[in-house]
Amino acid sequence: MAWFKRSPWILHYNATSCNGCDIEVIVSLTPLYDVERFGIINTGNPKHADILAVTGSVNEKSRQVLINLYEQMPEPKVIMAVGLCAVSGCVFQDCYNVMGGVDKVLPVDVYVPGCAARPESIIDGMLKACEILEEKYANRNKREKGEEHE
Amino acid sequence: MNTIQEMFQSWGMVERAVAFILLAPLAGGLIAGIDRRVSARFQGRYGPPVLQPFYDVFKLMQKQRILVNKFQNFNILLFLLFTVFSGALFFMGVDLLLTIFSLALAGTFFVLAGFCVGSPFSHLGAEREIIQQVAYEPMVILLAVGMYQVTGSFKVAEIAQFQAPLILYLPGVFAGFLYILTIKFRKSPFDLSMSHHAHQEIVRGMTTEFSGPALAVIEIAHWYENVMLLGMVYLFFGFNPWLGLGVALLTYLFEIFIDMNYARFKWQLTFGSSWLFTAVAGVSNIIVLGLMR
Ligand code: SF4
């Protein structure tokens, strides 16, 4: 059964966001958008999370934190880049301290564009991320079964 | 209802225990789902599906198993085992004191699980859990004492079948028990160590190092515990099963209402207020009962 689709828990990390996208992520939890109707919970703990939502571009300071967070999450896990900064670096991409989008460091699965990303598109991105979670889980199972047969 | 009760009474102890072990998680999960839905409505939100807690647990079961150290799982499994054990004892109708003590033992293993990892957040959560235990434990024991004073027995089966309304003898004990139920259900203002809300904060500390299946086990143990505590509420109204069930459900709704309306207390206030309330409501009730004899 597709349980990941029904209960994706999100960890939100602000890499170097201007706070515009962060506010939009939080807004999607408020009564107006209420992502909890999809079973989505905003956790603060990588060990509980299924989806890592990153806002802002990556720089030298946030790179290691991001990698740490990602490595602490149990499989299957999905990374979602929220906002143009996280997608490509946005207007900051040429800055001397900015490495670029999140995909310079980690394998991003879902890109949510927009500056700031609209709550509607964030929710859409979360639901896309759920499907990828299911896929990853199925693939992991297949791989494990394959290893058993060998 | 009477037929249900008669059927339940005609069962042997083993059958009752099995019924509890199989049915309690269903009931507990459903209650938790309704809880989340009602809470959301209180906040002006739509809320998750009623079956959401089951989805969460099934999902957690499918997640990768990450262990910080091997004692972590050992403690968590014992926590589940003793919670189930004490619930089963309760529904088998044997000694109420034994039930209470094995529940306390379960709580102790939970605290040990929090302490056996390295994370300071987990340690803080475990310390808060101890404070909560010290805060609620006296009242739980007074509950058993009070019931013994009225019915002359510690046996749950005999207390449940006591024909006079227990609530009339023990209004203070019931009020005190309601107060500490808020701690046991992990509801605001007393949700210091493992809150249902505020997943980013220190009040979630206890679960910091648990992921996947271990977290699911904690959740399931919590369901078992809730069903058993509602059973204890039922005991006060055992003379009329319908009333008992109704009051048990109302109690839960009341706790949700409190949860939604209160900001979290500091641990000092949690501890002080629950002991004060235990003394004023519980102890005085028992003293009055003693004088009436
Ligand atoms: S995409 Fe825009 S709103 Fe979002 S963090 Fe970057 S600059 Fe701020």
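None of these values were measured; they are calculated from a predicted model.

A.B. asks: I'd like to hear about the overall build of chain A, residue by residue, with values.
C.D. replies: What chain A contains, in helices and strands, is 4 helices and 7 strands. Starting at the N terminus and ending at the C terminus, chain A contains elements arranged as β-α-β-β-β-α-β-α-β-β-α. Radius of gyration (C-alpha) of chain A: 16 Å, near the 15 Å computed for a compact globule of 150 residues. Expressed as lengths along the three principal axes of its C-alpha atoms, the size of chain A is roughly 50 × 40 × 25 Å. Taken over 150 residues, chain A has a buried fraction of 53%. Sequence separation of at least 24 residues holds for 80% of the intrachain contacts in chain A that already meet a minimum separation of 6. Split by element, the accessible area of chain A, about 7,100 Å² in all, is 53% carbon and sulfur.

A.B. asks: Any details on the packing of aromatic side chains? Residues and values, ideally.
C.D. replies: Applying the stated rule across the entire model yields 21 aromatic pairs over all chains. Taken together, a centroid distance of 4.7 Å and an interplanar angle of 35 degrees make the contact between Trp3 of chain A and Phe58 of chain B tilted. With Trp3 of chain A in the segment before β1 (9–14) and Phe58 of chain B in helix α3 (residues 52–62), this residue pair bridges two chains. On the basis of relative accessible area, Trp3 of chain A is assigned to the buried category, the value being 15%. Members of the aromatic cluster, joined through ring pairs, are Tyr179, Phe190, Tyr262, Phe265 and Phe277 of chain B. Against the face of Tyr55 of chain B rests Arg6 of chain A, its NZ or CZ located 4.7 Å from the ring centre.

A.B. asks: Which residues make up the interface of chain A and chain B, and what values do they have?
C.D. replies: With 28 residues of chain A in contact, the opposing surface of chain B contributes 28 residues. Carbon and sulfur atoms supply 52% of the area buried between chain A and chain B, which totals about 2,500 Å² over both sides. In this assembly, chain A and chain B are joined by 6 salt bridges. Residues Glu209 of chain B and Lys47 of chain A are paired through a salt bridge, measuring 2.5 Å at the closest nitrogen-oxygen approach. Of all elements in the fold, only β2 (41–43) and α4 (119–149) of chain A reach the threshold of two or more residues within the side of chain A that touches chain B. Tallying contributions element by element places β2 of chain A first for the side of chain A that touches chain B, with 3 residues.

A.B. asks: With reference to specific residues and values, describe the site of the ligand.
C.D. replies: Residues and elements named next belong to chain A. Close to the ligand lie Ser17, Cys18, Gly20, Cys21, Gly83, Leu84, Cys85, Phe92, Gly114, Cys115 and Ala116, which account for all nearby residues. Going through the elements one at a time, α1 (20–27) and α3 (84–88) are the ones with two or more residues in the shell around the ligand. Grouping the constituent residues of the shell around the ligand by class yields 7 nonpolar, 4 polar and no charged.

A.B. asks: Run through the pairing of β1 of chain A, naming residues and quoting values.
C.D. replies: All names here are of chain A. For β1 and β2, the ladder comprises 3 bridges, and the chain directions are parallel. If you follow Ile10 over to β2, its bridge partner there is Asn42. Here β1 pairs with strand β3 (residues 51–55) via 5 bridges, running parallel. For Leu11, the partnering residue across the bridge sits in β3 and is Leu52.

What counts, and where the lines are drawn
Residues numbered from 1 in each chain as written. Chains lettered and ligands numbered in written order. Predicted model: local features only at pLDDT ≥ 70, side-chain atom pairs only at ≥ 80, totals over all residues. Heavy atoms only, no water. Helix = DSSP H or I, 4+ residues; strand = E, 2+ residues; numbered from the N terminus. Rg over C-alpha atoms; globule rule 2.2 N^0.38 Å. Buried < 20%, exposed > 50% of the residue type's maximum accessible area, 1.4 Å probe, protein only. Contact = heavy atoms within 4.5 Å. Areas by Shrake-Rupley, 256 points an atom, 1.4 Å probe, with all protein chains shown as cover. Phe/Tyr/Trp six-rings, centres within 6.5 Å; stacked < 30°, edge-to-face > 60°. Lys NZ or Arg CZ within 6 Å of the ring centre and 35° of its normal. Buried area = accessible area lost by both parts, 1.4 Å probe. Salt bridge = Lys/Arg side-chain N within 4 Å of Asp/Glu carboxyl O. Near = heavy atom within 4 Å. Nonpolar A, V, L, I, M, F, W, Y, C, P; charged D, E, K, R; others polar. Pairing = 2+ DSSP bridges.

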